[in-house]
Amino acid sequence: MTVESTAARKPRRSAGSKAGATGTDAAAGTTRAAAAKATGTKRTTRTTRATAARGSDPELVQLLTPEGKRVKNAEYDPYVAGITPERLRGLYRDMVLTRRFDAEATSLQRQGELGLWASLLGQEAAQIGSGRALRDDDYVFPTYREHGVAWCRGVDPANLLGMFRGVNNGGWDPNSNNFHLYTIVIGSQTLHATGYAMGVAKDGADSAVIAYFGDGASSQGDVAESFTFSAVYNAPVVFFCQNNQWAISEPTEKQTRVPLYQRAQGFGFPGVRVDGNDVLACLAVTQWALERARRGEGPTLVEAYTYRMGAHTTSDDPTRYRHDDERAAWEAKDPILRLRRHLEASNHTDEGFFAELEAESEALGRRVREAVRSMPDPDHFAIFENVYADGHALVDEERAQFAAYQASFATESDSGVAAGEGGN
């Protein structure tokens, strides 16, 4: 498998993504538009809004263009001024291996080895850039898609998959890596991060806390409450929002009327939008925000403007709500290809480096595959444990009902075998 080409794979085209329209469709569209204009009704479809939004690029911090060209930024250049070719290659390696691991996990789910998987395809720069800006004593509160940040914190990729297989509740000790367990409930980890950061401040430590969430989670009340508490108590926390344009099937414009980073102004702390496909810019902006927090200057909201190349999770079909041309436009901004172009143009690497990395990525894929397939099957009855400290009659009743339900499959299977034997 060539890892870099993963993002370039085209999904099947949905009926709505075909170029052009029939004469009937065009005529109908003209008629509807004329009717709306005549009545003064504003009928802006999701597709129209999305197209308008793509018409002009947003203002954001960018240090590497999609073509891999380094651009100057007086405010954020100092945070990457000392970066070496070796470290650039390290960032590239991080992104490639994270994408390879992510692709393997997706394949394992399709093979029935995992119950679900949330891919990060396309968001590698946002996660690796921000993850590598952290110090060891900083603390991370992720959602369920921060596989790249987990990689930066030294969490074994195989451990991430145990939860998605249903054999554990996380598989790693959060205190060993200062990386909290994945949070499935949307937005709640921002409150956890805020409370933890308030505790850090009371302890007099100079470490920082970072909370990851998506554009969809920004609509949750938990996030607004976190903004309020962190601002009032001047908590050393960075809110890192990965705006990947889609909250499952809802576009960003259904979440906010203003750019997400501007929400911070209403709570009394700064916000900044960064090119989420630019690993250097994400590194610089996150480091700036973390240092600000450590100095006691309070929270910051970072909006990493990026794109979810794949499905929301493996149970989702993005062709039902978005068009191929949208994905194609973002593939041209691929974060891995962008850094590779910069490395090659700067003569910071050679073909030997890429060949070795390809071999390393394949080895990682094999290791993860073997680790998952060696895991036990999930314990079907574990869900009934640890619900209450003591026994509970209702839980006991539900456990008994579930046991009977499971036993029915064995009974039906045995009956089927007997019937088959009789027929022969």
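Residues numbered from 1 in each chain as written. Predicted model: local features only at pLDDT ≥ 70, side-chain atom pairs only at ≥ 80, totals over all residues. Heavy atoms only, no water.

### Remarks on the overall build of the protein chain
1) Next: In terms of helices and strands, the protein chain carries 15 helices and seven strands.
2) Next: Looking at the protein chain residue by residue over its 424 residues, the buried ones come to 47%.
3) Next: For the protein chain, the proportion of contacts with a sequence separation of at least 24, taken over those separated by at least 6, is 76%.
4) Next: Total accessible area computed for the protein chain in this model is approximately 20,400 Å², and 52% of it derives from carbon and sulfur atoms. (Helix = DSSP H or I, 4+ residues; strand = E, 2+ residues; numbered from the N terminus. Buried < 20%, exposed > 50% of the residue type's maximum accessible area, 1.4 Å probe, protein only. Contact = heavy atoms within 4.5 Å. Areas by Shrake-Rupley, 256 points an atom, 1.4 Å probe, with all protein chains shown as cover.)

### Considering the packing of helix 8 (residues 188-203) against helix 9 (residues 221-232)
1) Next: Where helix 8 contacts helix 9, the axes come no closer than 7 Å and their chain directions differ by 15°. With respect to each other, helix 8 and helix 9 are oriented roughly parallel. Crossing hand, helix 8 versus helix 9: left-handed. Residues Ser188, Thr190, Leu191 and Thr194 of helix 8 touch helix 9, and the partners they reach there are Asp222, Val223, Glu225, Ser226, Phe229 and Ser230.
2) Next: Each residue belonging to the contact of helix 8 with helix 9 can be placed in one class, and the counts come to three nonpolar, five polar and two charged. (Axes fitted to C-alpha atoms, helices over the stretch in contact; angles between N-to-C directions. Parallel < 35°, antiparallel > 145°, perpendicular 65-115°, else oblique. Left-handed = near helix turned anticlockwise from the far one by under 90°. Nonpolar A, V, L, I, M, F, W, Y, C, P; charged D, E, K, R; others polar.)

### Structural notes on the pairing of strand 6 (residues 271-275)
1) Next: Of all five residues in strand 6, four are buried; the element is thus mostly enclosed.
2) Next: In terms of strand pairing, strand 6 meets strand 7 (residues 300-305) through five bridges, oriented parallel. Paired with Val272 across the bridge in strand 7 is Val302.
3) Next: Note on the crossover from strand 6 through helix 11 (residues 279-294) to strand 7: the handedness is right-handed. (Pairing = 2+ DSSP bridges. Right-handed = clockwise from strand over helix to strand, strands pointing away.)

### Digging into a nonpolar patch on the surface
1) Next: On the surface, Phe229, Val232 and Tyr233 cluster together into a nonpolar patch covering about 340 Å² of accessible area.
2) Next: Position of Tyr233 among the secondary structure elements: in the loop between helix 9 and strand 3 (237-243). (Patch = residues over 30% accessible without salt bridge, like charges linked within 9 Å, V, L, I, M, F, W, Y side chains within 5 Å. Salt bridge = Lys/Arg side-chain N within 4 Å of Asp/Glu carboxyl O.)

### Focus: the pattern of salt bridges
1) Next: In the structure shown here, the tally under the stated rule is 26 salt bridges.
2) Next: A salt bridge links Arg99 to Glu124, with the shortest nitrogen-to-oxygen separation between them at 2.9 Å. In this pair, Arg99 sits in helix 3 (residues 85-110) while Glu124 sits in helix 4 (residues 124-131), placing the two residues 25 residues apart along the sequence.
3) Next: For Arg99, a relative accessible area of 0% translates into the label buried.
4) Next: Under the relative-accessibility criterion, Glu124 is labelled buried at 0%.
5) Next: Linking Arg294 and Asp138 is a salt bridge whose minimum nitrogen-to-oxygen distance equals 2.5 Å. Placement of the pair is Arg294 in helix 11 and Asp138 in the loop between helix 4 and strand 1 (139-141), with a sequence separation of 156 residues. Both residues of the pair, Arg294 and Asp138, belong to the buried class.
6) Next: Several salt bridges share partner residues, and in doing so they unite Arg100, Glu104, Glu362 and Arg369 into one network.

### Concerning helix 4
1) Next: Helix 4 sits mainly inside the fold: eight of its eight residues count as buried.
2) Next: The set of residues buried in helix 4 consists of Glu124, Ala125, Ala126, Gln127, Ile128, Gly129, Ser130 and Gly131.

### Observations regarding the sheet that holds strand 2 (residues 209-214)
Consider a sheet: its strands pair through backbone hydrogen bonds, and that pairing is either parallel or antiparallel.
1) Next: Taken in spatial order, the five strands make up an open sheet running 1-2-3-7-6, and their pairing is parallel. Taken across any chain shown, the strands that pair with only one partner, and hence form the sheet edges, are strand 1 and strand 6. Neighbour-to-neighbour, the strand axes of this sheet turn through a mean angle of 20°, independent of strand direction.
2) Next: Lying over the sheet, helix 4 contacts strand 2, strand 3 and strand 7, oriented at roughly 165° with respect to strand 3.
3) Next: Strand contacts of helix 9: strand 2, strand 3 and strand 7, with the helix running at about 150° to strand 3, the strand carrying the most contacts.

### Examining the packing of aromatic side chains
1) Next: Taken as a whole, this structure holds 29 aromatic pairs when the rule is applied.
2) Next: Here Phe227 and Phe269 contribute two aromatic rings whose centre-to-centre distance is 5.5 Å and whose plane-to-plane angle is 85°, an arrangement assigned as edge-to-face. Of this pair, Phe227 sits in helix 9 while Phe269 sits in the loop between helix 10 (263-267) and strand 6, and the two are 42 residues apart along the sequence. This pair shows no difference in class: Phe227 is buried, exactly as Phe269 is. (Phe/Tyr/Trp six-rings, centres within 6.5 Å; stacked < 30°, edge-to-face > 60°.)

### Brief notes about the confidence of the model for the protein chain
1) Next: Overall, the predicted model of the protein chain reaches an average pLDDT of 86, with 83% of residues at or above 70.
2) Next: pLDDT under 50 marks residues 1-55. Its contacts with residues more than four places away, or in other chains, come to 60 contacts.
3) Next: Predicted confidence is poor over residues 419-424, with pLDDT under 50, and the contacts of this stretch with residues over four places away or in other chains come to zero contacts. (pLDDT = per-residue confidence, 0-100.)

### Concerning the nonpolar core
General note: in soluble globular proteins, nonpolar side chains tend to be found buried as a group.
1) Next: Counting residues in hydrophobic clusters, the biggest one holds 67 residues, and the most contacted among them are Tyr92, Leu161 and Leu339.
2) Next: Looking at which element gives the most residues to this core, the answer is helix 11, with eleven residues.
3) Next: Contacts of Leu339, omitting those with residues within four sequence positions, involve Leu64, Leu88, Leu91, Tyr92, Met95 and Val279.
4) Next: Among the nonpolar cores identified, the runner-up in size contains 20 residues, and Phe141, Ala197, Val209 and Ala211 belong to it. (Core = buried A, V, L, I, M, F, W, Y, C linked by side-chain atoms within 4.5 Å.)

### Topic: the packing of helix 3 against helix 4
1) Next: For the pair helix 3 and helix 4, the least separation of the axes is 10 Å and the interaxial angle reads 130°. Of the possible angle classes, the one that applies to helix 3 and helix 4 is oblique. Here helix 3 runs over helix 4; the crossing is right-handed. Of the residues in helix 4, those in contact with Leu91, Asp94, Met95, Thr98 and Arg99 of helix 3 are Glu124, Ala125 and Ile128.
2) Next: For the contact of helix 3 with helix 4, the class distribution of residues is four nonpolar, one polar and three charged.

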